[in-house]
Amino acid sequence: MTELPKAYQPEEIEKRWYEEWERVGAFRADPVTDKKPYVIVLPPPNVTGALHMGHALNHSLQDALIRRARMQGYEALWVPGTDHAGIATQNVVERELRKDGLDRHALGREAFVDRVWEWKREYGGRITQQMRELGESCDWERERFTMDEGLSRAVRTVFVRWFEDGLVYRGLRVINWCPQCQTALSDIEVEHEDVAGELVTFRYDLSDGSGSISVATTRIETMLGDTGVFVHPSDERYAGLVGKTVRHPFFPDRELPIVADEAVDPEFGTGAVKGTPAHDPVDFEMSERAGTEKVNIFTETAHVNENGGRFEGMDRYTARREVLAALRELGLVEEVERPYVHAVGHCYRSKTEIEPWLSEQWFVKMRPLAEPAIAAAQDGRVTFHPPRFAKAYLNWMENLRDWCISRQLWWGHRIPVWYCDDCGATIAALEDPTECKCGSSALRQDPDVLDTWFSSQLWPFSTLGWPDDTPDLKTFYPTSVMVTAYEIIYLWVARMIMSGMYFMDGQVPFADVFIHGIVRDGEGKKMSKSIGNVIDPLDMIERYGADALRFSLAFIAVPGNDSNSSEERIEGARNFANKLWNASRFVLMSLGDDRPEITGELLVEDRWILSRLDDTIEVVGRELDAFNFSEALHALHAFVWSELCDWYVEMAKPRLREGGAGAAGSVLVHCLDRVLRLLHPVMPFITEELWSKLRPGAGSVMTAPWPAPEGRRDTGAEDSVARFQDLVVALRRLKIEHDVPQGRRVPVAVAAGDLAAGLEPLLDQVVSLARLESIELVDDLGPAGADPRTITPAGLEAAMRLGETVDPALERARLERKRDELAAEVKRAESKLGNESFVAKAPAPVVEKERAKLDEARAAFAKVEGQLGALGG
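Criteria and cut-off values
Residues numbered from 1 in each chain as written. Predicted model: local features only at pLDDT ≥ 70, side-chain atom pairs only at ≥ 80, totals over all residues. Heavy atoms only, no water. Axes fitted to C-alpha atoms, helices over the stretch in contact; angles between N-to-C directions. Helix = DSSP H or I, 4+ residues; strand = E, 2+ residues; numbered from the N terminus. Parallel < 35°, antiparallel > 145°, perpendicular 65-115°, else oblique. Left-handed = near helix turned anticlockwise from the far one by under 90°. Contact = heavy atoms within 4.5 Å. Nonpolar A, V, L, I, M, F, W, Y, C, P; charged D, E, K, R; others polar. Polar contact = N/O pair within 3.5 Å; in protein donor to acceptor, adjacent residues only side chain to side chain. Pairing = 2+ DSSP bridges.

Caption draft 1: Spotlight on the packing of helix α21 (residues 662-679) against helix α22 (residues 684-694). Look at α21 against α22: their axes get within 9 Å of each other, and the N-to-C directions meet at 150°. Taken together, the axes of α21 and α22 lie roughly antiparallel to each other. Of the two elements, α21 crosses α22, and the hand of that crossing is left-handed. Contact residues: α21 offers Val669, Leu672, Asp673, Leu676, Arg677 and Leu679, while α22 offers Thr687, Leu690, Trp691 and Leu694. Tallied by class, the residues present in the contact of α21 with α22 amount to seven nonpolar, one polar and two charged.

Caption draft 2: Up close: the environment of Ser359. By the secondary structure assignment, Ser359 is in strand β14 (residues 355-364). With near-sequence residues (within four places) excluded, Ser359 lies in contact with Gly171, Leu172, Arg173 and Ile175. Within the structure, Ser359 has its side chain in polar contact with the side chain of Gln361 (distance 2.7 Å).

Caption draft 3: Representation of the environment of Gly380 in the model. Along the chain, Gly380 falls in the loop between α10 (367-378) and β15 (383-385). In this structure the C-alpha to C-alpha distance between Gly380 and Arg677, which are 297 residues apart in sequence, comes to 32 Å.

Caption draft 4: Geometry of the side chain of Thr292. Tracing the sequence through the fold places Thr292 in the loop between α8 (281-290) and α9 (316-329). A distance of 2.7 Å separates a polar atom in the side chain of Thr292 from a polar atom in the side chain of Ser287. Aside from chain neighbours lying at most four places away, what touches Thr292 is Thr227, Pro257 and Ser287.

Caption draft 5: Inspection of unusual backbone geometry at higher detail. Pro386 follows His385 through a cis peptide bond whose omega is -5°. Tracing the chain through its elements places Pro386 in the loop between β15 and α11 (388-397). At the junction of Trp466 and Pro467, the peptide bond is cis and its omega measures out at 15° in the coordinates. One can find Pro467 in the loop between α13 (459-462) and α14 (471-476). For Gln182, which is not a glycine, the phi torsion comes out positive at approximately 50°. Checked against the element boundaries, Gln182 lands in the loop between β5 (168-178) and β6 (183-185).

Caption draft 6: Quick peek at the sheet that holds strand β20 (residues 443-445). Pairing is antiparallel in the open sheet, where three strands are placed in the order β19-β18-β20. With partners counted over all chains shown, the strands left at the sheet margins are β19 (426-428) and β20, one partner each. The average undirected angle you get between the axes of adjacent strands in this sheet is 30°. Pairing of strand β18 (residues 417-420) with β20 involves three bridges; the strand directions are antiparallel. Bridging from a neighbouring strand, Trp418 pairs with Gln445 of β20. Against the sheet, helix α7 (residues 149-164) makes contact with β18 and β19, and its axis sits at roughly 135° relative to β19, the strand it touches most.

Here's what the structure looks like:
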């Protein structure tokens with residue numbers, strides 16, 4: 001006989017089933033197949049990382065899609081992997097070195113990289129083990145790392161191809177420089193934060209002594225690198241000054257031309273802007289057009305260099321203060337506005353303020369790559385869910401700058417470029433060259449590495465074996481859907497589309513992009529270690545089980561929206577798992593080894609639950625197709641918790657106790673079978689355990705067919721049971737209102753009118769579930785008396801014959817006590833609200849709450865008065 005333990009213990013079940021799934025290769029996808037492929041490549045978490053709630057949400061949703069696809073008959077492949085995370089990983093290992101009194105320069109490049117690989121081998125598998133604890137059904141045999149041999153070859157191939165096609169170039173440009181990480185960053189690796197700074201307006205005197213021109217800046221220290229002043233061509237205030245020059249107050253030999261340029265915003269500051277082309281990208285472009293000099297005033301650590309004159313050696317913030325003071329001494333400062341709140345770029349890793357810095361770097365030309373990717377989103381080859389993110393994607397793509405891809409790090413893909421010291425040639429090669437075309441062997445490799453995102457942009461096809469024409473690549477590219485959060489649409493999604501279309505003959509890397517929000521705490525605040533509101537998913541798995549965590553996250557996953565999570569929500573999902581476990585245990589204990597199929601005549605409640613099941617299957621399927629996990633799981637939760645467990649199981653109990661499974665047993669088996677399949681993608685462990693007991697010998701639930709509606713909708717049965725449920729609930733409430741214990745049996749009369757025929761087959765169920773002594777259908781309840789009455793939304797009127805079970809004198813005494821209590825509550829509230837000081841000084845929500853209490857107390861008092869009147873008291 002099949003039997004389940006009394007309590008659900010997730011820790012034992014989850015460990016056992018995951019080991020079994022891996023042992024039998026349950027997640028392995030076969031490229032030699034007649035099935036249609038369904039493929040997701042996992043956004044690779046950083047190799048330095050640990051599973052956090054963002055991962056838990058993102059991975060749970062992907063796993064749900066993959067598991068459902070398997071059940072739908074697809075050849076489902078979920079490719080896992082990790083990212084080498086250049087800046088983050090190098091920082092981690094450098095911190096470890098500092099503990100030993102070392103730094104990477106003392107070790108040398110080769111030894112340092114070896115040390116990073118050692119760290120990766122020891123700690124790099126931590127997050128993938130945690131992913132297993134979450135229950136992720138990845139094909140672990142295909143696990144990739146962005147610096148493994150195959151992906152490194154893909155990176156080189158892309159760089160060399162783009163170099164040969166003229167899309168990769170080396171140039172002197174203003175880039176985003178992190179003084180702490182001491183590396184360049186691309187525009188979308190910069191996080192802008194509002195900072196309370198200062199806006200300084202100062203004066204440049206004209207070289208000819210005929211006057212001056214005033215400019216405004218938030219970074220006064222950069223005026224040390226000013227080489228021009230720019231105004232808008234249509235700004236009449238400065239029309240007579242264009243073509244003249246001003247003299248730099250600290251460098252008298254440097255004359256700055258006044259130039260007209262359309263890029264100037266005449267509404268900012270004075271309408272004239274200082275031109276610092278080595279430290280501002282817009283100034284750089286204006287300088288290129290005007291042909292002005294470019295003077296870099298900062299070192300790699302954001303200290304003033306030799307071009308800063310007497311300010312040399314100061315850090316940028318000290319220089320800001322000292323330059324302002326020096327300008328004041330010269331009488332050139334006109335105004336200082338403090339605080340002046342403006343957006344300032346910060347490094348996405350170190351959170352250090354970014355310094356725009358003139359530097360020679362490697363870039364990718366983005367416009368030729370962007371145009372096909374824009375068309376793919378416009379013509380529907382790539383669809384964003386929700387659609388509003390397509391607009392954001394297109395807006396960014398139409399305005400993007402060239403991508404700075406070089407990083408001043410040692411950990412990462414070394415740029416495959418060599419320079420010949422003899423002839424000056426630049427060589428990009430798939431294999432390390434030994435000599436130049438000129439015959440010289442004096443070759444130097446570029447010291448920089450590529451941006452981490454350069455390798456991850458290739459993820460949908462490099463993980464499948466590209467540049468080789470592998471069976472995996474033939475079968476599984478393009479992939480099906482990309483599931484990610486909105487903050488990396490530009491960092492990653494856009495780049496995958498561009499590179500995928502370029503290297504895969506115009507094929508988009510995925511048809512759908514599903515965007516979810518971030519996970520916030522229960523109050524809607526962003527989770528932060530400093531605030532102390534971080535929820536550790538591993539703690540939650542240990543406490544409540546992986547299924548509970550996964551269900552709680554998917555339950556609140558509305559496409560594109562942030563969601564609020566809390567331990568209480570996860571505990572609620574654990575309670576749902578317990579509810580399912582207990583209901584299943586009851587069914588299995590009731591049926592023993594019998595698994596009857598639905599045959600013969602069905603009662604109205606049987607037809608009702610099967611109808612509700614069909615509707616639930618249809619809703620869940622439709623919403624999952626639209627990536628609306630929240631709506632799908634709300635429907636599924638309501639069916640399982642309320643309709644199946646709270647209503648149908650209770651309605652079936654008397655029939656099961658009478659002996660033999662009958663129709664009720666067959667319907668329960670049918671419903672439980674479909675429920676386990678519907679829940680499996682989100683709750684894989686508990687559903688596998690229950691499936692193994694419900695369908696022993698039938699294989700895994702993960703390969704059972706995904707349920708489809710079976711044409712069992714019965715609106716008549718649904719209407720009848722809905723009226724029955726309303727009546728049961730109304731009678732239970734009536735007992736509560738009159739302090740009748742739920743277990744006390746009392747007779748009830750119901751005037752059903754035209755609804756009597758539909759209610760009659762369910763009268764025994766009303767007696768059972770409302771705990772009645774009896775129920776009688778009558779044409780008319782007669783005049784209102786002492787017996788309490790209720791009426792349902794459908795118009796069923798019921799009277800509870802308390803006079804036959806309750807002493808009228810005792811009932812009158814009870815009601816009088818209650819009336820006196822309510823009268824006192826009304827008096828207290830009226831007195832409080834009559835206090836003008838309280839109403840004037842108390843917060844408005846407090847006053848409103850007190851008024852609501854008064855309204856409730858008055859309503860309750862009037863109701864008791866009516867009940868006493870009915871008793872004649």
